[in-house]
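# Structural characterization, general
Spelled out from the first residue to the last, the chains are:
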Amino acid sequence: MTIRQATIDDLEGILKYAARIVAQHQGYNPLRFSVFPEHQKLLRAYFMEVLVDEKAITNVLIVEEEIMGYALVKMEEDSLEDIALARAWLHDIYINEKAQGLGAGHLLLEASKNAALKLNSPVLMLHVATPNSFAKQFFKNYGFEEVISEMLLTL
């Protein structure tokens, strides 16, 4: 099991897992997590950009020469809305079920932390869907702390 920075050649493997993240979040709350028209096409275009963006680092988890997961860390600009200076965000992390329980999550998180440091960020931020209690506990065990709760009112 190894972690390396993704290249454009890894696009298909990453897209497979990105689609799973979308489906997982849609299952949590379809009013909060949207599927766009031509979502897969938009994901492809997004990752084609992000894989060559110098303000983003995507790492892939390789097991027996196959992509079994990935993590996307991207610097986000200063935001008055979020009351936050520029910082790195762990936007995606996904591990194939076959690689779970083998330490892959810790490897990807360590690579994500190193990516944030490489991008000169003072912190690494992430969002966790409220129903995803496993992920919340996993990130807390790694050292992340809860700093905000998002709320939604259905109209």
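Look above for the structure.
On a predicted model such as this, the values are computed, not experimentally measured, just so you know.

## Things to note about the overall build of the protein
- Per the secondary structure count, the protein includes 4 helices and 5 strands.
- Written out in order from the N terminus, the α and β elements of the protein read β-α-α-β-β-β-α-β-α.
- Taking 155 residues into account, the globule formula puts the C-alpha radius of gyration at 15 Å, and the protein, at 15 Å, falls close to it.
- Scored against the burial criterion, the 155 residues of the protein give a buried share of 39%.
- For the protein, the proportion of contacts with a sequence separation of at least 24, taken over those separated by at least 6, is 61%.
- Accessible area of the protein: about 10100 Å², with a carbon and sulfur share of 56%.
- Where the 14 positive side-chain charges of the protein centre and where its 21 negative ones centre are 3 Å apart.

## So, the environment of Gln-26
- Mapped onto the fold, Gln-26 is located in helix H1 (residues 11–28).
- When sequence neighbours within four positions are dropped, the list of residues in contact with Gln-26 reads Phe-33, Ser-34 and Val-35.

## What to know about H1
- For H1, with 18 residues, the first-to-last C-alpha span of 26 Å sits near the 26 Å given by 1.5 Å per residue.
- Buried within H1 are the following residues: Leu-11, Gly-13, Ile-14, Leu-15, Tyr-17, Ala-18, Ile-21 and Val-22.
- If you follow the buried residues of H1, they end up packed against helix H2 (39–50), strand E2 (56–63), strand E3 (66–76) and strand E4 (87–95).

Reading guide: rules and limits
Residues numbered from 1 in each chain as written. Predicted model: local features only at pLDDT ≥ 70, side-chain atom pairs only at ≥ 80, totals over all residues. Heavy atoms only, no water. Helix = DSSP H or I, 4+ residues; strand = E, 2+ residues; numbered from the N terminus. Rg over C-alpha atoms; globule rule 2.2 N^0.38 Å. Buried < 20%, exposed > 50% of the residue type's maximum accessible area, 1.4 Å probe, protein only. Contact = heavy atoms within 4.5 Å. Areas by Shrake-Rupley, 256 points an atom, 1.4 Å probe, with all protein chains shown as cover. Lys, Arg positive; Asp, Glu negative; His and termini not counted. Charge placed at Lys NZ, Arg CZ, Asp CG, Glu CD. Expected span 1.5 Å × (residues − 1).

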